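# Structural overview
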Amino acid sequence: MKKQIAILSGDGIGPEVMAQALRVLEWTCDKESISLECIPAYIGGAAYERYEHHFPQETQKICASADAILLGSVGGPIDKAHLPKWKNCEANALLALRKTFSFNINLRPAKIYKVLRDISPLKSTVLGENVEILIVRELMGDVYFGEHYQGIKNNQRYASDLAEYNESQIAAVAHQAFQAALSRSKKVTSVDKANVLATSKLWREVVTEIATHYPEVALQHMLVDNCAMQLILNPRQFDVILTSNLFGDILSDAASVIPGSLGLMPSASINEAGFGLYEPAGGSAPDLADKNIANPIAQILSTAMMLRYSFHREDAAERIENAILKTLEEGYRTRDIAKEGDVVLGTKEFTDKIIENL
Ligand code: IPM
Ligand code: MG
């Protein structure tokens, strides 16, 4: 039976990079005899224009009946953030999506491509032979979904955000991290702020218990402030980083600069039933939109993650990843990852090369 994918291209560079990722997906499915049907739907500012809503009912329905969701990016220019179309657009769209489908696990890989080592802001002595980190971020708890309050208390403006975790939320994401580590370097660094926060004390307790189910994986606990520093001082020490929602948000942005461009970073959000949402880790980059200069790699890699996690087609995912690697090895670059003298191609032309290598 045909698998259905909800295609939410969104705003900014989203539609452009999505169009290219879908070309790659079509080729791959053809070669690998995978039968997929793409069903487009609106999200973000693009949805607001039609429905005055950043995540309208129509889109929710299409997502709910799909086998996976492929998302581009949402959000508008900073100087237009006050307009209703763009106000809280990212949070309205993304948090609603996460909540609607209870996406509790967020996977954010950060990998240095050997051929792109020169564009990393870190020195090659720091990078060493290889850096390949997987951030496993809890996505449904913490300060994100606790009660938010803004008002007046004791005659002054006052605000509070409640951070909450229960043990099953922590256990679920911990299992994912340990399982991921089994097929990697078998090392999990669990990041918390257990010297201060109660949620982190519980986090550390539960993660330590879950670790006993995975004796072949080494577990290390690290405080989040130290982790921020270690990511830059010595990123090689990390394999899987397991962390809570807010720390994961911040650390994944920090890790994302190591490979040299946000345009290289895919991500996956998965729920307990295995239903998944796949999207580039970067934003909508409105300043790059409609110029055929955006890097399509993150969107294409997100598609590969979809084939891997939602459709269990490791072979097809690897075919895409290898085609990207070969294209980079052949010397082709998009603008964001180019050095002087490199062959710089547009979004579409770079994808043409990837397709040649499929
Ligand atoms: C992310 C984003 C979101 C988050 C925002 C847009 C709500 O920063 O996906 O990392 O904080 O989770
Ligand atoms: Mg973020």
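## Considering the overall build of the protein chain
Scanning the protein chain from terminus to terminus reveals 12 helices and 14 strands. Its C-alpha atoms give the protein chain a radius of gyration of 20 Å, near enough to 21 Å, the size a compact globule of 358 residues would have. Among the 358 residues that make up the protein chain, the fraction classed as buried is 51%. In the protein chain, of all internal contacts separated by at least 6 residues, the share reaching a separation of at least 24 is 75%. As displayed, the protein chain offers around 16500 Å² of accessible surface, 51% of which is attributable to carbon and sulfur atoms. Seen as two clouds, the 36 positive and the 45 negative side-chain charges of the protein chain have centres 2 Å apart.

## Overview of the domain arrangement of the protein chain
According to the domain assignment, the protein chain consists of domain 1 (1-107 + 261-358) and domain 2 (121-258). Summarising the inter-unit geometry, the C-alpha centres of domain 1 and domain 2 are found 25 Å apart. Opposite the 14 residues of domain 1 that make contact, domain 2 presents 13 residues. Summing both partners gives a buried area of about 1300 Å² for domain 1 against domain 2, and 67% of it is carried by carbon and sulfur.

## Thoughts on the site of ligand 1
If you check the shell around ligand 1, you find E90, L94, R98, R108, R137, Y144 and D249 and nothing else. At 2.9 Å from an oxygen atom of ligand 1 is found a side-chain nitrogen or oxygen belonging to D249. Burial of ligand 1 by the protein amounts to 79% of the accessible area it has alone, namely 320 Å². The greatest single-element share of the shell around ligand 1, amounting to 3 residues, is contributed by helix α4 (residues 89-100). Mapping the shell around ligand 1 onto the domain boundaries places at least three of its residues in each of domain 1 (1-107 + 261-358) and domain 2 (121-258).

## Digging into the pairing of strand β6 (residues 148-153)
Alignment of β6 against strand β7 (residues 156-161), held across 6 bridges, turns out to be antiparallel. From the neighbouring strand, Y149 faces β7, where its bridge partner is S160. Linkage of β6 to β7, two consecutive antiparallel strands, is achieved through a turn of 2 residues, within which N154 is found at a positive phi near 50 degrees.

## Considerations on the nonpolar core
Among the nonpolar cores identified, the biggest contains 61 residues, and V136, F178, L242, M306 and I324 are the most heavily contacted of them. If one sorts the elements of this core by residue count, helix α6 (residues 167-182) sits on top with 8 residues. Both domain 1 (1-107 + 261-358) and domain 2 (121-258) contribute no fewer than three residues apiece to this core.

## Points about the sheet that holds strand β10 (residues 240-243)
Neighbouring strands of a sheet are bound in pairs by backbone hydrogen bonds; such pairs are parallel or else antiparallel. The strand order across the open sheet formed by 10 strands is β2-β1-β3-β12-β11-β4-β5-β10-β8-β9, and the pairing between neighbours is mixed. The open sheet terminates on both sides in strands that have one partner only, identified here as β2 (36-40) and β9 (218-223). On average, each strand axis in the sheet is inclined to that of its neighbour by 20 degrees, with strand direction left out of account. With 4 bridges joining them, strand β8 (residues 187-192) and β10 adopt parallel strand pairing. Counterpart to T189 in the pairing with β10 is I241.

## A short note on α6
Between its terminal C-alpha atoms α6 stretches 22 Å, which fits the 22 Å expected from 16 residues at 1.5 Å a residue. Along α6, the residues that are buried comprise I170, A171, A172, V173, A174, A177, F178, A180 and A181. Among the structural elements, β4 (105-111), β5 (132-138), β8, α7 (198-211), β9 and β10 are those in contact with the buried residues of α6. Put simply, N166 is the residue that caps the front of α6, since its side-chain oxygen is 3.2 Å from the backbone nitrogen of S168.

## Regarding helix α10 (residues 297-309)
With 13 residues, α10 should reach 18 Å at 1.5 Å per residue; the first-to-last C-alpha distance of 18 Å fits that figure. I297, A298, Q299, I300, L301, S302, T303, A304, M305, M306, L307 and R308 are the residues of α10 that are buried.

## Let's talk about the pattern of salt bridges
This model, assessed by the stated rule, comprises 17 salt bridges. Residues R319 and E32 are paired through a salt bridge, measuring 2.7 Å at the closest nitrogen-oxygen approach. With R319 in helix α11 (residues 314-329) and E32 in helix α1 (residues 14-32), the pair connects residues that are 287 residues apart, well separated along the chain. The exposure class assigned to R319 is partly exposed, which follows from its relative accessible area of 25%. With a relative accessible area of 13%, E32 lands in the buried category. Taken together, the shared-partner salt bridges connect E32, R313, D315 and R319 into one network.

Rules and cut-offs
- Residues numbered from 1 in each chain as written.
- Chains lettered and ligands numbered in written order.
- Predicted model: local features only at pLDDT ≥ 70, side-chain atom pairs only at ≥ 80, totals over all residues.
- Heavy atoms only, no water.
- Helix = DSSP H or I, 4+ residues; strand = E, 2+ residues; numbered from the N terminus.
- Rg over C-alpha atoms; globule rule 2.2 N^0.38 Å.
- Buried < 20%, exposed > 50% of the residue type's maximum accessible area, 1.4 Å probe, protein only.
- Contact = heavy atoms within 4.5 Å.
- Areas by Shrake-Rupley, 256 points an atom, 1.4 Å probe, with all protein chains shown as cover.
- Lys, Arg positive; Asp, Glu negative; His and termini not counted.
- Charge placed at Lys NZ, Arg CZ, Asp CG, Glu CD.
- Domains from an automatic or database assignment.
- Buried area = accessible area lost by both parts, 1.4 Å probe.
- Near = heavy atom within 4 Å.
- Polar contact = N/O pair within 3.5 Å; in protein donor to acceptor, adjacent residues only side chain to side chain.
- Pairing = 2+ DSSP bridges.
- Core = buried A, V, L, I, M, F, W, Y, C linked by side-chain atoms within 4.5 Å.
- Axes fitted to C-alpha atoms, helices over the stretch in contact; angles between N-to-C directions.
- Expected span 1.5 Å × (residues − 1).
- Salt bridge = Lys/Arg side-chain N within 4 Å of Asp/Glu carboxyl O.

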